[in-house]
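What follows is each chain in one-letter form.
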Amino acid sequence: MNPIIRVVKTTSENPDFISLIKTFDIFLWERYPELKNDYWGNNVIEFNPNVVIIYLDEIAVGCGCFKKYNQNTAELKRMFVSPEARGLGVAQLIIKELENEAKNQGFETMILETLYKQIEAINLYQKVGFEIVENYEPYEGLTNSVCMSKSII
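Throughout this document, residue positions are counted from 1 along each chain, in the order its sequence is written. Per-residue local features of the predicted model are confined to residues with pLDDT of at least 70, and side-chain atom pairs are confined, for both listing and counting, to 80 or more; whole-chain, interface and lining totals are unaffected and use all residues. Side-chain metrics rest on all non-hydrogen atoms present in the structure, leaving aside hydrogens and water.

This part covers the sheet that holds strand 7 (residues 145-151). For two strands to count as paired, DSSP must find a minimum of two bridges between them. Under the scheme used here, helices are H or I runs from DSSP no shorter than 4 residues and strands are E runs no shorter than 2 residues, and both carry numbers assigned from the N terminus. If you trace the 7 strands from one edge of the open sheet to the other, you get 1-2-3-4-5-7-6, paired in mixed fashion. Two strands bound the open sheet, and with one partner strand each, they are strand 1 (5-10) and strand 6 (131-133). Direction aside, the axes of adjacent strands within the sheet are offset by 30° on average. Examined bridge by bridge, strand 3 (residues 59-70) and strand 4 (residues 73-81) share 7 bridges and lie antiparallel to one another. By the bridge assignment, F66 is partnered in strand 4 with L76. Note on contacts: a residue pair qualifies if any of its non-hydrogen atoms lie within 4.5 Å across the two residues. Axis lines are fitted to C-alpha atoms, over the contacting stretch for helices. Their N-to-C directions set the angle, which ranges from 0 to 180 degrees. Relative to the sheet, helix 4 (residues 119-127) contacts strand 4, strand 5 (109-115), strand 6 and strand 7, its axis offset from that of strand 5 by approximately 165°.

Okay, structure coming up:
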């Protein structure tokens, strides 16, 4: 039987978002312990009204959000899909929802940063139209970062 998929637009105060992000951070720091000091401050989410959570059969399995980077650009942040839900299109659905919301708010471009070992993530982002670009602030000069960009208009 196919799982029931539910998309919820919410805020960063949502307990399921907070739980998913805690799991995401554990995953990142286990994979990149040497980078924690360089990147930790970039992953702090202040109150954010632009959060999407995906539920499969009422279990929160993926999330993401965006924040304003500049007048025309939104930055995709905190994209995470639980290992058991990977390969089901959850990440693509999150990106689509966030791109549509950013576009509705008047943004023309979406940018993101990921780490070079995140090959699956880089491949996913390229599959949905993101292209690798020069690192933007605050990632300039950080060789572990891969920055990407996509027009959403």
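Tracing the chain through its elements places S149 in strand 7. With 23 residues separating them in the primary sequence, S149 and Q126 have C-alpha atoms 9.5 Å apart. Not counting residues within four places of it along the chain, the set of residues in contact with S149 comprises T109, M110, I111, G129, F130, E131 and V133.

The next thing to look at is the confidence of the model for the protein. A score between 0 and 100, pLDDT records how confident the predictor is in each residue. Taken residue by residue, the protein gives an average pLDDT of 91. The fraction at 70 or more is 93%. The lowest-confidence element of the protein is helix 2 (residues 36-39), averaging 59 in pLDDT; the highest-confidence one is strand 6, averaging 98.

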